[in-house]
Amino acid sequence: GPGYGKTATAAEYTALHEGAHVIGLHLCFHADSAKSNPVRMVKSLAFQIAEKLPEYKDALEKCLTKDVREELSNPEVKVEEVINRLLIEPLGKLQTEPVAVKSTGGRLIILFDGLDEAEQNRKKREILTCIPKVAERLPRWCAMMVTSRPELMFRQKLKTLRPLELDAEDNQKYKANHERDVRVFLDVHLRRFGLTDDKLEEAVDVLVQKSKLNFLYLNYFR
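Residues numbered from 1 in each chain as written. Predicted model: local features only at pLDDT ≥ 70, side-chain atom pairs only at ≥ 80, totals over all residues. Heavy atoms only, no water.

Undergrad: Even after reading the chapter, I still don't get the overall build of the protein, so can you show me in this structure?
TA: Scanning the protein for helices and strands turns up 11 helices and three strands. Along its sequence from the N terminus, the protein presents helices and strands in the succession α-β-α-α-α-α-α-β-α-β-α-α-α-α. Residues counted as buried form 36% of the 222 residues belonging to the protein. Residue pairs at least 24 apart in sequence account for 73% of intrachain contacts in the protein once pairs closer than 6 positions are excluded. By element, 51% of the accessible surface of the protein is carried by carbon and sulfur atoms, the whole surface being about 13600 Å². (Helix = DSSP H or I, 4+ residues; strand = E, 2+ residues; numbered from the N terminus. Buried < 20%, exposed > 50% of the residue type's maximum accessible area, 1.4 Å probe, protein only. Contact = heavy atoms within 4.5 Å. Areas by Shrake-Rupley, 256 points an atom, 1.4 Å probe, with all protein chains shown as cover.)

Given below as structure tokens:
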């Protein structure tokens, strides 16, 4: 649910290697119809990747002939066509791994944050239809990362990709790290009230239990 660190995780990945690790980022916001438009989403990702990878930019420019540009400017263009023209075709033309793969020491990432925030079920379905079509045709040096609440719709649409799910509630290691982060957060923000060490420890224990490790709840104590 909200407040459990999905966007914080996305931000941490985005900051890796001075931003070179994530080559494309799409943020969904509730009630923002532009962010829920799948065609605009793909065009935005293509622009971002071109900014990060010169090799892809060169391949994309060669793919964007006059006819293709006219085709993509059509308001009725299908999202599948946009995916093929702007992502799949130029990525497929790269003969070698981009330099950024070696400089970051691992696979590059296209990141989708907060897919559950897409404002309408129809838009959610359209975006969810796009993701597998892109992910299953990415080159080996590129991976996809998605953050979302564990809604049934998402699990059904993405199950063919055999995703690795990170769940702090079901995994003791993640849960322990999550609780540690909450305790550090509370310790920092409650100290300004001048509590004794015993009272501070007691207050932290109470808030850890009542908040259920939810940072939206804890944010009121900042």
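The structure having been displayed, the exposition proceeds.
Undergrad: Would you take a moment to explain the environment of tryptophan 141 for this structure?
TA: The topology assignment puts tryptophan 141 in the loop between α7 (121-135) and β3 (142-147). Owing to a relative accessible area of 8%, tryptophan 141 belongs among the buried residues under this scheme. Residues tryptophan 141 and leucine 108, 33 residues apart in the sequence, show an inter-C-alpha distance of 6.2 Å. Aside from chain neighbours lying at most four places away, what touches tryptophan 141 is Ile23, Leu53, Leu91, Leu94, Glu97, Pro98, Val101, Arg107 and Leu108.

Undergrad: Got a minute to help me understand a negative patch on the surface in this structure?
TA: A contiguous patch of negative charge, built from Asp197, Asp198, Glu201 and Glu202, is present on the exposed surface. One can find glutamate 202 in helix α10 (residues 197-211). (Patch = residues over 30% accessible without salt bridge, like charges linked within 9 Å, V, L, I, M, F, W, Y side chains within 5 Å. Salt bridge = Lys/Arg side-chain N within 4 Å of Asp/Glu carboxyl O. Lys, Arg positive; Asp, Glu negative; His and termini not counted. Charge placed at Lys NZ, Arg CZ, Asp CG, Glu CD.)

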